[in-house]
Amino acid sequence: MIPGHPTQLLQKLSREHRLAPLEWEALIGGYTPELAAQAAELARDFREPFYGKKIFIRGLIEFTNYCRNDCLYCGIRRSNRNAPRYRLNREEILSCCETGWELGFRTFVLQGGEDPWFTDERICELVRAIKKRWPECAVTLSIGEREEESYRKFREAGADRYLLRHETADECHYRRLHPPELSLSHRLDCLRTLKRLGFQTGAGFMVGSPGQTVGTLAKDLVFLQEFQPDMVGIGPFLPHHDTPFAGEPAGSGELTLYLLSLIRILLPQVLLPATTALGTLLPNGREQGMLAGANVVMPNLSPEDVRDKYTLYDNKLHSGSEAAEGLRRLQESMAAIGYQVVCDRGDRAKRQP
């Protein structure tokens, strides 16, 4: 099959919400600023019937930077001896939630490395404690790969959502980014299990990671097309100085924005964050993300004295509008481009297009 012109493919995507693999390659590879502007306009048109001008906030709590994994791109990989390690205790985590609740956050995201100290029982106890104190909130976990029984326990304890970025849907590319003990097949099995257990499930990938091609990006979009996640988190690859990828160039912010638009057109109801990495790379990256089709931001509720220790990549933002204390500034910056930050759980829209 010979793919069409990128403009025609963009129109086809907006009609059918799916493309063949070679069509995805042609659409991604055909990036121009003009095409990206068309995609962003379409993305906004598809978002607004479901979410209007609402921007949902998630309170991010980075509760441990210990990790058993050795992913080549990550600053908290287990072999990084220079990383100052920390774990928040139960009361510190609940204090973060208390602060967030008072500010208007109705979703808390517990994110951490794959830390064996946080057993299933400890995670379940945390989830139950949060839900008992703030029963109207949503709890999102982002703690990596576990077995089905663990995920079932988290769901029974009250966890609502789970973020597990697939990172890449290409087997060879996955092996380039991860140590031998990790596999793409297990990662995808975890995602399918989470969805089957009733979690609102999030996938996602880096843009511009070493070895990535237009073909590997097309596989990511095909995977999202078939998996139909509730959330998708993408952001540009940013190197960390204490990893094997220290000298690699950063991913493209412009391509990330374009892909945000394509994902919104592909999945009109999806919850789509403008990520911290995007805000780190581009001036006004969050605002640009909203104009490209995003509808979620995740200010940091972690204690100030640990924020600079959760460094997945260099120069990560952890102050200003990125931080929960900057919520008013965030509200003002979003209002300036016509959007409203709301105090809401921000569940995925259920009405079908």
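To be clear, the structure that these remarks concern was listed above.
Below is a short write-up of the structure.

Conventions adopted
Residues numbered from 1 in each chain as written. Predicted model: local features only at pLDDT ≥ 70, side-chain atom pairs only at ≥ 80, totals over all residues. Heavy atoms only, no water. Pairing = 2+ DSSP bridges. Helix = DSSP H or I, 4+ residues; strand = E, 2+ residues; numbered from the N terminus. Axes fitted to C-alpha atoms, helices over the stretch in contact; angles between N-to-C directions. Buried < 20%, exposed > 50% of the residue type's maximum accessible area, 1.4 Å probe, protein only. Contact = heavy atoms within 4.5 Å. Core = buried A, V, L, I, M, F, W, Y, C linked by side-chain atoms within 4.5 Å. Arc of directions from axis to C-beta. Patch = residues over 30% accessible without salt bridge, like charges linked within 9 Å, V, L, I, M, F, W, Y side chains within 5 Å. Areas by Shrake-Rupley, 256 points an atom, 1.4 Å probe, with all protein chains shown as cover. Salt bridge = Lys/Arg side-chain N within 4 Å of Asp/Glu carboxyl O. Lys, Arg positive; Asp, Glu negative; His and termini not counted. Charge placed at Lys NZ, Arg CZ, Asp CG, Glu CD. Polar contact = N/O pair within 3.5 Å; in protein donor to acceptor, adjacent residues only side chain to side chain. Nonpolar A, V, L, I, M, F, W, Y, C, P; charged D, E, K, R; others polar.

Time to look at the sheet that holds strand β5 (residues 161-163). Ordered in space as β2-β3-β4-β5-β6-β7, the 6 strands form an open sheet in which the pairing is parallel. Bordering the open sheet on either side are β2 (59-64) and β7 (231-236), each of which pairs with just one other strand. Neighbour to neighbour, the strand axes of the sheet diverge by 20° on average, direction disregarded.

It is worth spelling out the environment of G346 at this point. Along the chain, G346 turns up in the segment after β9 (340-342). Given a relative accessible area of 0%, G346 falls into the buried group. When the C-alpha positions of G346 and P236 are compared, they lie 24 Å apart, and in sequence the two are 110 residues distant. Residues within four places of G346 in sequence aside, it is in contact with F56, R58, R161 and L271.

The next point concerns the nonpolar core. A general trend in soluble globular proteins is that nonpolar side chains are found buried together. By size, the foremost hydrophobic cluster in this structure holds 99 residues, and its most contacted members are L27, L141, F154, L262 and I263. In terms of residue count, the dominant contributor to this core is helix α10 (residues 253-266) (8 residues). Contact partners of L27, with chain neighbours within four places excluded, come to P6, L9, L10, L13, L19, L35, Y258 and L262. One finds M231, L271, V296 and A349 within the second-largest nonpolar core, a separate group that totals 12 residues.

Below, the discussion takes up helix α14 (residues 327-336). What α14 keeps buried is the set L327, L330, S333 and M334. Buried residues of α14 fall within an arc of 125° about the axis and therefore sit on the same side. Among the exposed residues of α14, those oriented more than 90 degrees off its buried face are R328 and A336. On its buried face, α14 is in contact with β1 (54-57), α4 (90-103), α12 (285-291), β8 (296-297) and β9.

Attention now moves to a negative patch on the surface. On the surface, a cluster of negative charge is made up of E92, E304, D305 and D308. Considering the arrangement of structural elements, one finds D308 in the loop between α13 (304-307) and α14.

The next subject is the side chain of E167. Along the chain, the position of E167 falls in the loop between β5 and α7 (171-177). Classification of E167 as buried rests on a relative accessible area of 7%. A polar atom in the side chain of E167 sits 3.5 Å from the side chain of Y73. Excluding residues that lie within four positions of it along the chain, E167 makes contacts with Y73, H178, R187, G204, F205 and M206.

Time to look at the packing of helix α1 (residues 6-16) against α10. In a pair of packed helices, the angle between the axes and the distance between the axes together describe the arrangement. Remark: α1 packs on α10, axes separated minimally by 8 Å, with the N-to-C direction vectors making an angle of 40°. Seen from α1, the contacting residues are L10, L13 and S14; seen from α10, they are L262, I265 and L266. Of the residues belonging to the contact of α1 with α10, the class tally is 5 nonpolar, 1 polar and no charged.

Distances and angles like these do not, on their own, reveal function.
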